[in-house]
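Summary of structural features
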Amino acid sequence: MRSTILSALTLAALLGAAPEAHAALKVVTTTEDLASLSREIGGDKISVDSIAKGYQDPHFVEAKPSFILKLHSADLLVVVGRELEIGWLPPLLQQSRNQKIQPGSPGYLDASLTVKILEIPQGQITRAMGDVHPLGNPHYWLDPGNGRRIAQAIQTKLTELQPVDAAFFAQRFADFDKRLAEAEKRWDASLLPFKGTKVVTYHRSWPNFAERFGLDVIGYVEPKPGIPPSPQHTIDLIAEMKKVKAMVILVEPYFDLKTPQSVARETGAKVLVLSPSVGSEKEVTDYIHLFDYNVNLILGALKGTGK
Ligand SMILES: [Zn+2]
């Protein structure tokens, strides 16, 4: 007991003795992917908290009072944007009563503004198109090129908010950029033999991933984004998969496996539960591990198909 008090006092004294020290910038992100990228750049100059957990569907997050508290004291909020969080973030932001992090304020960063966005709808948008993705596909972080762009946007923003640490953030970005480039070489080399492999995905979470790594998405278990599987759509999907010989069904961990498994039984395809976000599996501890995990799962499945 006594020693705990003493060491706490010693720590306080040490902290007090560093006149240059400033409090870590409080960063809140909507997803764990953005939290991981923020950590890469901010290091110990920031504290990071994510609202959604990696195993949750980021379109539908249950609001908790603790989220409002986190947002209330945040210096910076980083969001995925493209209306991914439209169903749950706006009321939390309003109740946070924190002017610093409202859209348009310096403490608000929409990570989608500097990345490559796919599936931007052309013409008029109607409800018939489905419930989600009216501003293009928001699952863009699943292309490592976009991860690099997000990291760069975070570097720029952190530098703007805390210019005294500009060199630190720049060095952290350069280091991340280098490690990511090395990992990309590894992922590209291992997936190269499987270029053009036809796959089906449950939700439209993987267009950026598929484009980056040369997979060909030929259909979806959902008839439209946000709409649950229907019998007719499933019959059509099975017919199409048999026709083009699609052998893999990629599923996000928060969807029911019943329909994918029955499609797999009919077609002989394999069901793979991939990791759409950091934190969705125990070993997916950061942004680079996210791709390691998914690339390894896909490789394991495709090697088994004899393609
Ligand atoms: Zn989506």
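In the block above lies the structure referred to throughout.
Overview of the structure. Every chain is numbered on its own, with residues counted from 1 as its sequence reads. In keeping with the predicted nature of the model, local features appear solely for residues at pLDDT of at least 70, side-chain atom pairs appear and are counted solely at 80 or more, and the whole-chain, interface and lining totals rest on all residues. Hydrogen atoms and water are omitted, and side-chain values are computed over all heavy atoms in the structure.

1. Points about the overall build of the protein chain
- For the protein chain, the count of helices and strands is 10 helices and eight strands.
- Just to be clear, the radius of gyration here is over C-alpha atoms, and the globule rule we use is 2.2 Å times residues to the power 0.38. Expected size for 307 residues packed as a compact globule is a radius of gyration near 19 Å; at 22 Å, the protein chain falls within 12% of this value.
- C-alpha extents for the protein chain along the principal axes are approximately 70 × 45 × 40 Å.
- Each residue's exposure class comes from its accessible area (1.4 Å probe, protein chains only) as a fraction of the maximum for that residue type: buried when under 20%, exposed when over 50%, partly exposed otherwise. The 307 residues of the protein chain split such that 49% are buried.
- Split by element, the accessible area of the protein chain, about 15000 Å² in all, is 57% carbon and sulfur. Numbering of helices and strands runs from the N terminus, with a helix taken as a DSSP run of H or I at least four residues long and a strand as a DSSP run of E at least two residues long. Per-residue accessibility takes into account occlusion by the displayed protein chains alone, with areas from the Shrake-Rupley method and a 1.4 Å probe.

2. What about empty space enclosed by the protein?
- Grid points spaced at 1 Å over the protein atoms alone were grouped into cavities, where a 1.4 Å probe fits but cannot get out, and pockets, open sets with protein on both sides within 12 Å along at least five of seven lines, with lining residues defined by an atom within 4 Å of a point. Grid points are joined across faces, edges and corners, and a volume is the space filled by probe spheres set on the points. Going through the model one piece at a time under the given rule, you end up with one cavity of 30 Å³ or more.
- Each pocket or cavity is described by its volume, and for the largest cavity that value is around 40 Å³.
- Lining the largest cavity are Thr31, Glu32, Asp33, Ala52, Lys53, Gly54, Gln56, Pro58 and Ser277.
- Residue composition of the lining of the largest cavity, by class: two nonpolar, four polar and three charged. In the scheme used here, Gly and all other residues not listed as nonpolar or charged are polar, with Ala, Val, Leu, Ile, Met, Phe, Trp, Tyr, Cys and Pro taken as nonpolar and Asp, Glu, Lys and Arg as charged.

3. Digging into the sheet that holds strand β6 (residues 216–220)
- Pairing between strands is defined by DSSP: at least two bridges between the two strands are required. With parallel pairing, four strands are arranged side by side in an open sheet as β6-β5-β7-β8. Bordering the open sheet on either side are β6 and β8 (270–273), each of which pairs with just one other strand. With strand direction ignored, the average angle separating the axes of adjacent strands in the sheet is 30°.
- Summarising the sheet, strand β5 (residues 198–201) and β6 pair through four bridges and their orientation is parallel. Simply put, an axis is a line fit to the C-alpha atoms, just over the touching stretch for a helix, and the angle between two N-to-C directions goes from 0 to 180 degrees.

4. Concerning the layout of surface pockets
- Of the pockets and cavities examined, the second largest pocket occupies roughly 160 Å³.
- What lines the second largest pocket is Val79, Gly81, Arg82, Glu83, Glu85, Ile86, Leu89, Pro90, Leu93, Pro103, Tyr108 and Asp110.
- Elements with a minimum of two residues in the lining of the second largest pocket: α4 (89–96) and β4 (108–110).
- At three residues, the largest contribution of residues to the lining of the second largest pocket is made by α4.

5. Examining the coordination of the zinc ion
- Sites may look incomplete, because water is not among the atoms used; the donor set itself consists of N, O and S atoms within 2.8 Å of the metal (3.2 Å for Na, K and Ca). Here the zinc ion is held by the protein donor atoms His59 (NE2), His133 (NE2), His139 (NE2) and His203 (NE2), which lie 2.0 to 2.1 Å from it.
- Donor angles set the geometry label: tetrahedral for four donors if every angle is between 85 and 135 degrees, square planar for four and octahedral for six if opposite donors exceed 155 degrees and the others are between 65 and 115, irregular for anything else. Around the zinc ion sit four donor atoms, and with donor-metal-donor angles ranging over 102 to 128° the site reads as tetrahedral.
- Of note, the zinc ion draws all its donor residues from one chain, in the sequence arrangement H-x73-H-x5-H-x63-H. One end of the pair, His59, is in the loop between β2 (46–50) and α3 (65–72); the other, His133, is in the loop between β4 and α5 (144–161), and 74 residues separate them in sequence. Exposure class is identical for His59 and His133. Each is buried.

6. Quick word on the packing of aromatic side chains
- Stacked, edge-to-face and tilted labels apply to pairs of Phe, Tyr and Trp rings (six-membered ring for Trp) whose centres lie within 6.5 Å, assigned for plane angles under 30 degrees, over 60, and everything in between, in that order. On inspection of all chains with the given rule, the structure shows 12 aromatic pairs.
- Ring geometry for Trp187 versus Phe213: centroids 6.5 Å apart, planes at 80°, classification edge-to-face. Taken as a pair, Trp187 in helix α6 (residues 166–191) and Phe213 in helix α7 (residues 207–213) lie far apart in primary sequence, 26 residues in all. Summarising the burial analysis for this pair, Trp187 and Phe213 share the class buried.
- Both rings, one in Phe209 and one in Phe291, keep their centres 6.2 Å apart while their planes meet at 10°; by these two values the pair is stacked. A residue pair is termed long-range when its members are at least 10 positions apart, and Phe209 in helix α7 and Phe291 in helix α10 (residues 287–305) qualify at 82 residues. The two residues Phe209 and Phe291 agree in class, both being buried.
- Taken together, the aromatic side chains of Phe176, Trp187, Trp206, Phe209, Phe213, Tyr287 and Phe291 make up a single cluster linked through ring pairs.

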